[in-house]
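Read off the chains here:
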Amino acid sequence: MKTATIIDLIVDSDVHTQSMNHIIKQQHISQRMRRRLRNEGIITVNDEPATWTSLVHGGDHLVMKLTPEQEFSLSPMDLDIVYEDEHILVINKAAGVLMHPTSTVRDHTLANGVLYYYQETHQHYDFHPVHRLDKDTSGIVIIAKTSVVQHAFDKKQTHFYKTYDAIVEGKLPAVPLTINWPIGRKPGSIIERYCTNEGKPARTDITVISHTTNSGDNTIIDSPSLSSSNPITGSKTMVDKKFEQHFTYVQCLLHTGRTHQIRVHVSQLGYPLAGDDLYGGHLDYIQRQALHAARVSFHHPMTNEWLELSADMPQDMKDLIQ
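Worth saying up front: this structure is predicted, and the values here are computed from it rather than measured.

Caption draft 1: The arrangement of the overall build of the chain in detail. Looking only at helices and strands, one finds six helices and 20 strands in the chain. Per-residue burial over the chain gives 47% buried out of 322 residues. The long-range fraction of contacts in the chain, counting pairs at least 24 apart against all pairs at least 6 apart in sequence, stands at 69%. For the chain, the exposed surface amounts to about 16,300 Å²; the carbon and sulfur share of it is 47%.

Caption draft 2: Representation of the pairing of strand β18 (residues 244–254) within the structure. Of all the eleven residues making up β18, eight are buried; the element is thus mostly covered by neighbouring parts of the structure. Direction of pairing for strand β11 (residues 161–169) relative to β18: antiparallel, over a ladder of eight bridges. Directly across from Ala166, in β18, lies its bridge partner Val250.

Caption draft 3: Here's a closer look at the sheet that holds strand β1 (residues 4–10). Strand order in the open sheet formed by four strands is β1-β6-β3-β4, and the pairing between neighbours is antiparallel. Two strands close off the open sheet at either side, each with one partner strand: β1 and β4 (48–50). For this sheet, the mean angle separating the axes of adjacent strands, direction not counted, is 25 degrees. Strand direction decides the pairing type here: strand β3 (residues 42–45) and strand β6 (residues 61–66), joined by four bridges, are antiparallel. Along β6, the bridge assignment pairs Thr44 with Val63.

Caption draft 4: Spotlight on the environment of Trp181. Relative to the helices and strands, Trp181 is located in the loop between β12 (177–180) and β13 (183–185). Along the backbone, Trp181 and Pro201 are 20 residues apart, and their C-alpha atoms lie at a distance of 6.7 Å.

Caption draft 5: A look at the environment of Asp85. Following the sequence through the fold, Asp85 ends up in the loop between β7 (81–84) and β8 (88–93). Taking the C-alpha atoms as reference points, Asp85 and Lys145, separated by 60 residues in sequence, lie 9.2 Å from one another. Discounting chain neighbours no more than four positions away, the residues touching Asp85 are Lys145 and His300. For Asp85, the side chain forms a polar contact with the main-chain nitrogen of His87, separated by 2.7 Å. There is a polar contact of 2.8 Å between the side chain of Asp85 and the side chain of His300.

Caption draft 6: Looking closely at helix α5 (residues 261–269). Burial of α5 is extensive: eight of the nine residues sit out of reach of the surface. Of the residues making up α5, those classed as buried are Gln261, Ile262, Arg263, Val264, His265, Val266, Ser267 and Leu269. Backbone geometry just after α5 places Gly270 at a positive phi near 100 degrees.

Caption draft 7: Representation of the pairing of β3 within the structure. Residues Ile43 and Val45 point to one face of β3 and are all buried, whereas Ile42 and Thr44, pointing to the other face, are not buried. Counted along the chain from β3 to the antiparallel partner β4, the turn is two residues long, and its residue Asn46 has a positive phi close to 55 degrees.

Caption draft 8: A look at the pattern of salt bridges. Using the criterion set out here, one finds seven salt bridges in the structure. Salt-bridge contacts for Arg263 lead to Asp134; the nearest nitrogen and oxygen are separated by 3.0 Å. Separated by 129 residues along the polypeptide, Arg263 in helix α5 and Asp134 in the loop between β9 (128–129) and β10 (138–144) bring together distant segments of the chain. We classify Arg263 as buried; its relative accessible area is 7%. What makes Asp134 partly exposed here is its relative accessible area of 26%.

Caption draft 9: Main features of the confidence of the model for the chain. In this model, the chain carries an average pLDDT of 87, and 89% of its residues clear a pLDDT of 70 or more. Below a pLDDT of 50 lies the segment residues 217–243, which in the model reaches 54 contacts outside its immediate sequence neighbourhood of four places, other chains included.

Caption draft 10: Looking closely at the packing of aromatic side chains. Tallied over the full model, the rule gives seven aromatic pairs. Geometrically, the ring pair formed by Phe160 and Phe298 is tilted, given 5.4 Å between the ring centres and 55 degrees between the ring planes. Within this pair, whereas Phe160 is found in the loop between α4 (147–155) and β11, its partner Phe298 is found in strand β19 (residues 291–299), the two being separated by 138 residues in sequence. Given the relative accessible area of 0%, Phe298 is considered buried. Here the aromatic cluster, defined as three or more aromatic residues joined through ring pairs, consists of Tyr117, Tyr118 and Tyr125.

Caption draft 11: Fine view of the side chain of His131. Secondary-structure assignment places His131 in the loop between β9 and β10. A relative accessible area of 11% places His131 in the buried class. Among all residues touching His131, those that are not within four sequence positions of it are Met99, Ile140, Val141, Ile142 and Lys162.

Calculation criteria
- Residues numbered from 1 in each chain as written.
- Predicted model: local features only at pLDDT ≥ 70, side-chain atom pairs only at ≥ 80, totals over all residues.
- Heavy atoms only, no water.
- Helix = DSSP H or I, 4+ residues; strand = E, 2+ residues; numbered from the N terminus.
- Buried < 20%, exposed > 50% of the residue type's maximum accessible area, 1.4 Å probe, protein only.
- Contact = heavy atoms within 4.5 Å.
- Areas by Shrake-Rupley, 256 points an atom, 1.4 Å probe, with all protein chains shown as cover.
- Pairing = 2+ DSSP bridges.
- Axes fitted to C-alpha atoms, helices over the stretch in contact; angles between N-to-C directions.
- Polar contact = N/O pair within 3.5 Å; in protein donor to acceptor, adjacent residues only side chain to side chain.
- Salt bridge = Lys/Arg side-chain N within 4 Å of Asp/Glu carboxyl O.
- pLDDT = per-residue confidence, 0-100.
- Phe/Tyr/Trp six-rings, centres within 6.5 Å; stacked < 30°, edge-to-face > 60°.

Here is the structure:
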């Protein structure tokens, strides 16, 4: 029977005698998880079977395991590991990889690959993503190794400083931008989002890094009219792309985490992501949205260590700006 480790700790040496329940309450575990551990947990103390009513002492090695609520198949995958410790695994996810299985795709998702990696490295953990990326967005993904760690991120309200590399179509003026346009689900669609006053608050800071011009087809793109709050222009413009395609490499700092936030905001500006055909981009130069989760900084919820992690821009995006 497959099990996943939930608790693996050495009881503090200054503890004389404590109940199992008291020890578990100190581990940032949700009430739901405590109920599961009490009713279904496989518990050992110093490698000997124990129960929820057992007493523990300073120096004891306490391990609690559970059968996963859902099991995924294992798929070999070449994982680009950015950082790993006993609590979290940070992956630079490739574009084209789903986060986890769906009703139609059961194998070769990041979850399948991570679980295969755990098996190969003799780690008894489950898949607990702290946040998610779209299938065709590459970059940093943080995965908690246990539900305890995942819950600790939530309980401590961990703030993530996330910066994305993005390449938009057109020559975006090199002025700092802060976009505060609410985002909601587009009527009639279960996937697409749009800017609407009825949506949830969404803030993106955009910094222009460089401009590039590539040769291309004779096309004209009609940039949509923007609201008066647009810091660049409030009027409809025609962008002549005859024989060339302009790209702008930008870095986006997220202050909120709405679905498709960067994709929607830059599209509303009139400068959609290259390759993002859902929001007005074109597939002539890249076959997916040119968006990469490049950097993330945060306080580790278990050690309180300040982590600054990064992942290089993938080659398909570099090709657009070199």
